[in-house]
Amino acid sequence: MFPLQQQPHMEDSADPLVTVQEMQFWLDKAVAWGQAQTVETQRDTCQHLSRLRDFTQQLLKHINSMASTTETMKRLPLIGQFLGRLCWIPSVTADASSRSLLLQCLWGLFSEHPGSAVERKANQWIRTVLCQLVTEEDAKVEPLIRQMGVAPKDYHLGVLRKRLALLQQTFEKNCNCLADKNQRCPHDDSLAVSESCIPLVTCQEAAPLINTLLQRPASCISAALSEDFLDALNSAHSRQSLLLEEQGIISLWYHNLPSLEEAVLRLLESVLANNESSPQKLEQLLEQALLPKACAQHCSMFLVVNDIFRSFLKQAERAESVHCLIHTFTRCFLRELALVPHQNSVPLKALFPQSPQSLLMPLLTLPSEMHQEAWRHHLKWLSDSLKRLTEEEEEDDRDGSRSSCLKSHHRVFEAWFLLVQCVHWVQLTAQLLVTSETQDCGPLLWLFTFYYHPTNRGHHRASQLGHAKEALDHLRALFSPLNPPLPVGSLQSVMTLLSPAQQQQQQSLSTLLIINLLVNFAVFSRQSLIGSAEVLQMVVDQSGLLNEAARVLVSLELSLNRGRHLSSDANRVQLRVQKLQHTLTHMNVPEQHC
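Residues numbered from 1 in each chain as written. Predicted model: local features only at pLDDT ≥ 70, side-chain atom pairs only at ≥ 80, totals over all residues. Heavy atoms only, no water.

1. A short note on the nonpolar core
This is how it is decided: For our purposes a nonpolar core is just a set of buried Ala, Val, Leu, Ile, Met, Phe, Trp, Tyr and Cys residues, chained together by side-chain atoms within 4.5 Å. Three labels apply to residues, based on accessible area from a 1.4 Å probe with only protein chains included: buried if under 20% of the type maximum, exposed if over 50%, partly exposed otherwise in between. Secondary structure counts use DSSP, requiring at least four H or I residues in a row for a helix and at least two E residues in a row for a strand, with both numbered from the N terminus. Throughout the structure description, domain borders are defined by an automatic or database domain assignment. Residue contacts are defined here by distance: any two heavy atoms, one from each residue, within 4.5 Å place the two residues in contact.
Counting 128 residues, the largest nonpolar core has Phe 229, Trp 253, Phe 309, Phe 329, Leu 518, Val 519 and Val 523 as the members making the most contacts within it. A per-element tally of this core places helix α28 (residues 511–524) first, with 11 residues. When residues of this core are assigned to domains, at least three map to each of domain 2 (258–353) and domain 3 (471–586). Those residues in contact with Leu 518 that sit more than four places away from it in its chain are Leu 475, Phe 479, Val 535, Leu 536, Val 539 and Val 540. Counting 30 residues, the second-largest nonpolar core is a separate cluster that includes Val 20, Trp 26, Leu 60 and Ile 63.

2. So, the confidence of the model for the protein
It should be kept in mind that the predicted coordinates are not to be read in detail where pLDDT is low. To keep it simple, the criterion reads: The pLDDT value expresses, per residue, how confident the predictor is, ranging between 0 and 100.
Residues of the protein with pLDDT of at least 70 account for 79%, and the chain-wide mean is 79. Mean pLDDT per element in the protein: helix α8 (residues 142–148) is the minimum at 53, and helix α20 (residues 357–364) is the maximum at 95. This model gives residues 1–15 a pLDDT under 50, and the stretch forms 34 contacts once residues within four places in sequence are excluded. Residue range residues 589–594 is modelled with pLDDT below 50. Its contacts to residues more than four positions away, or to other chains, number 0 contacts.

3. Some details on helix α24 (residues 442–452)
For α24, the buried fraction is high: 9 of the 11 residues fall into the buried class. Listed as buried for α24 are Leu 444, Leu 445, Trp 446, Leu 447, Phe 448, Thr 449, Phe 450, Tyr 451 and Tyr 452.

4. Here we look at the pattern of salt bridges
To be explicit about the condition: Salt bridges are defined as contacts in which a side-chain nitrogen from Lys or Arg sits within 4 Å of a carboxyl oxygen from Asp or Glu.
Throughout the structure, instances matching the rule amount to 12 salt bridges. The structure contains a network of salt bridges with shared partners spanning Glu 283, Glu 287, Arg 331 and Arg 335.

5. Quick notes on the packing of aromatic side chains
The condition is simple: The rule is short: rings of Phe, Tyr and Trp, with Trp giving its six-membered ring, pair when the centres are within 6.5 Å, and they are stacked under 30 degrees, edge-to-face over 60, tilted in between. For a lysine, the NZ atom is tested; for an arginine, the CZ atom; a charge sits over a ring if that atom is within 6 Å of the ring centre and within 35 degrees of the ring normal.
Under the counting rule described, the total for this entry stands at 14 aromatic pairs. Taken together, a centroid distance of 4.0 Å and an interplanar angle of 10° make the contact between Phe 302 and Phe 333 stacked. With Phe 302 in helix α17 (residues 299–315) and Phe 333 in helix α18 (residues 320–337), the pair connects residues that are 31 residues apart, well separated along the chain. Here Phe 302 and Phe 333 have matching classes, each one buried. Through a chain of ring-to-ring contacts, the aromatic side chains of Phe 302, Phe 309, Phe 329, Phe 333 and Phe 352 assemble into a single cluster. Geometry around Phe 413 places Lys 314 over its ring, the cationic atom sitting 5.2 Å from the centre.

As structure tokens, this is what we get:
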């Protein structure tokens with residue numbers, strides 16, 4: 001039967017709520033009712049059921065007033081035998097109120113942190129009984145079910161629902177465990193209940209309780225959840241075998257780090273497998289994934305997600321899909337963060353602890369949040385600040401100190417990582433590059449080149465900057481309003497820079513840098529729209545970079561909609577973007593043959 005059988009010690013059993021004599025009376029009744037299922041015993045059970053409920057209610061109060069299961073057993077040595085026998089009497093367990101009280105007594109005896117072998121054995125027995133009462137059909141109950149005219153499946157489903165409803169009501173109460181150290185916290189049973197829910201994680205009837213368990217007060221130190229329960233939940237949710245509420249998913253990630261990491265890796269795999277995802281689709285995917293909202297609610301989760309992105313970026317420096325995911329996620333995260341109540345907000349320096357603090361606010365600030373006249377000065381300041389970091393890196397490389405080199409490389413990478421997260425300033429740099437006079441482009445071109453070539457492999461930063469200036473000059477000639485006929489020489493120079501042979505060289509310029517400048521020239525230059533479309537079409541067609549050009553155009557359109565553009569000719573720019581998008585879309589449609 002129950003493993004807590006001990007001989008009573010009368011001197012230790014006096015209690016104002018429940019006495020040993022009362023316990024002995026009801027234990028005798030339970031023994032009699034369990035030995036034979038006759039008409040007489042059923043009648044006797046029905047006659048005493050109301051009094052039994054009153055006694056069980058008093059017993060529950062007694063259990064909740066004790067500091068531990070050991071103390072309860074010491075006061076009432078017969079409690080294990082009594083509860084154990086009642087669990088197998090159908091006339092008792094079929095009554096909803098009696099069954100609820102019985103289950104609560106068992107949960108009250110469960111030790112979250114068992115301090116002895118007896119308590120550990122009791123925990124094991126209680127888990128077995130709880131699972132069986134909910135999930136298994138007891139052969140002893142079947143005769144009573146038949147008399148009631150209820151199908152066994154409906155009976156057990158009804159029992160399950162009532163038990164889950166009772167548990168949910170219990171856990172929805174406020175945690176009030178600070179005033180009296182002898183008063184048991186209503187969440188003390190979180191561990192036991194979460195373990196008993198492991199077989200039920202794919203049962204939709206258990207979803208409300210599971211959501212309630214996940215969302216219990218995080219500040220309550222007693223409210224621990226079973227790791228096996230969390231792992232089972234994560235597995236069921238990954239297989240889409242369990243539908244959790246939005247907040248339940250966020251809470252699962254908060255309590256179970258592997259589930260958060262899996263969600264981020266699944267997102268990365270999805271993005272890398274589909275390089276043609278537009279920024280709008282990527283933003284929709286992130287909103288559906290709930291990751292930006294979850295990170296805005298919990299600083300610790302943002303740090304984990306950001307660290308995963310940081311690791312991927314180190315491995316895939318030139319992967320534009322990773323860049324796009326990172327800055328789209330950051331934009332969505334900051335938008336969600338702005339919705340968090342001020343009293344729950346976290347300082348930005350705590351969210352970006354590894355970023356150079358002098359660059360943090362200047363980069364996180366949106367262009368739309370400052371006057372247009374200040375953009376160029378702001379970008380020059382950003383360019384100069386980043387340039388100083390790279391010069392310190394190069395100086396440490398020459399000195400040869402390993403620790404200094406690692407520290408400098410780390411600072412430069414973190415600055416670049418932050419620039420990737422705040423790509424709106426890079427987009428604005430490209431716009432200003434194609435609309436500025438040649439002599440004003442030095443700092444802008446350095447910043448733009450650094451974004452695409454952050455690593456100084458073999459001290460080629462100066463060489464990359466020279467190639468970038470050469471590409472800028474060729475593109476400026478291509479889109480000059482003074483040259484209506486297409487300048488074939490300049491076009492050929494651009495195509496050479498984009499050729500596969502050129503790209504295989506170590507010092508080659510990023511094709512994405514050239515395509516970005518190309519699209520910005522087509523949008524912002526003063527050349528006719530027809531001429532700009534012709535140049536864009538020819539370069540894209542010969543280089544095979546149609547998808548890359550289309551993505552830059554979509555990003556430009558989003559920037560226009562967010563107010564990050566040269567507002568003086570916004571209507572003209574918007575019209576050109578739409579026409580150029582139509583040109584690229586038409587190129588992507590196969591020709592129809594008669």
